[in-house]
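Spelled out, the chains give:
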Amino acid sequence: MPTSPDRGRRDLLKASLLAAGASSLPKLTPIAHAGAAAASRQPDLIRHENQRPGHTNWQLTRVRLDKRDGFRTPWIEGYCSRQSVSAGESIDIMVSTNPAQRFSIEIFRMGYYGGTGARLMTTLGPFQGKTQLDPEVGPRRLRECHWEP
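These remarks concern the structure in this document. Keep in mind that this is a model prediction, so the values were computed, not measured. All residue numbers refer to positions counted from 1 along the written sequence of the respective chain. Given that the model is predicted, a residue must reach a pLDDT of at least 70 before its local features are reported, and side-chain atom pairs must reach 80 or more before they are shown or counted; all residues, however, enter totals for whole chains, interfaces and linings. Just so you know, side-chain values use all the structure's heavy atoms and leave hydrogens and water out.

Things to note about the packing of aromatic side chains
Thinking step 1. Note on aromatic contacts: the rings of Phe and Tyr and the six-membered ring of Trp form a pair at centre separations within 6.5 Å, being stacked when their planes are under 30 degrees apart, edge-to-face when over 60 apart, and tilted otherwise. In total, this model carries 2 aromatic pairs according to the counting rule given.
Thinking step 2. A ring pair is formed by Tyr79 and Trp147, whose centres lie 5.6 Å apart and whose planes are at 45°; its orientation type is tilted. With Tyr79 in strand E1 (residues 76–80) and Trp147 in the segment after strand E4 (118–128), this residue pair connects regions lying 68 residues apart in the sequence.
Thinking step 3. Whether a residue is buried, partly exposed or exposed follows from its accessible area with a 1.4 Å probe, protein chains only, as a fraction of its type maximum: under 20%, in between, or over 50%, in that order. The class of Tyr79 is partly exposed, set by a relative accessible area of 23%.
Thinking step 4. Judged by its relative accessible area of 10%, Trp147 is buried.
Thinking step 5. Seen in terms of ring centroids, Phe103 and Phe127 are 5.7 Å apart; in terms of plane orientation they differ by 40°. Their pairing is tilted. Placement of the pair is Phe103 in strand E3 (residues 102–110) and Phe127 in strand E4, with a sequence separation of 24 residues.
Thinking step 6. When its relative accessible area of 12% is taken as the criterion, Phe103 is described as buried. Only DSSP runs of H or I covering at least 4 residues are called helices, and only runs of E covering at least 2 are called strands; the numbering of each starts at the N terminus.

Spelled out as structure tokens, the structure:
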């Protein structure tokens, strides 16, 4: 089944925000530091984690698209410097808000959690957003941003 442009964008934003949270996980849960040794000492570690209460709020469900082309959400857009990180590594998050406004970032850990799909680990911010330059449209409608973190 083909995906709509806003569906692909939602998936990209979800993945970016989840990747952004990976650098925060070592401070939030022993699982990030656990590794194979801890799993062998605590064989039920994953089962216990998945029994914790979850949230469905990790799903982007209230996305408001720009009426001009229907592909962008200029009120707040963002991306991460890397797709994933290991425990202890850092990641930059680039965000543009138009107009400039405050925003927060919620970090979720993906998992079963009774079927909800994720658990809220922490909320970062609020941060003061700023409007960053819109990138030019390149080949195949791709845009390459060079925003400040």
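Here the narrative resumes, following the displayed structure.
Details of unusual backbone geometry
What is expected of a backbone is that most residues other than glycine have negative phi and most peptide bonds are trans.
Thinking step 1. The step from Asn98 to Pro99 runs through a cis peptide bond, and the omega angle for that step is 10°.
Thinking step 2. Structurally, the position occupied by Pro99 is in the loop between strand E2 (93–97) and E3.
Thinking step 3. For the bond running from Gly125 to Pro126, omega is 15°, close enough to zero to count as cis.
Thinking step 4. Tracing the sequence through the fold places Pro126 in strand E4.

Describing the pattern of salt bridges
Thinking step 1. For this document, the term salt bridge refers to a Lys or Arg side-chain nitrogen within 4 Å of an Asp or Glu carboxyl oxygen. Tallying each qualifying case throughout the model produces 6 salt bridges.
Thinking step 2. We note a salt bridge from Arg109 to Glu49, for which the minimum N-O separation is 3.8 Å. One end of the pair, Arg109, is in strand E3; the other, Glu49, is in helix H4 (residues 45–50), and 60 residues separate them in sequence. With respect to class, Arg109 is no different from Glu49; both count as buried.
Thinking step 3. The salt bridge partner of Glu49 is Arg119, with a shortest N-O separation of 2.7 Å. With a gap of 70 residues between them, Glu49 in helix H4 and Arg119 in strand E4 connect regions that are remote in the sequence. Both residues of the pair, Glu49 and Arg119, count as buried.
Thinking step 4. One network of salt bridges, with partners in common, ties together Glu49, Arg52, Arg109 and Arg119.

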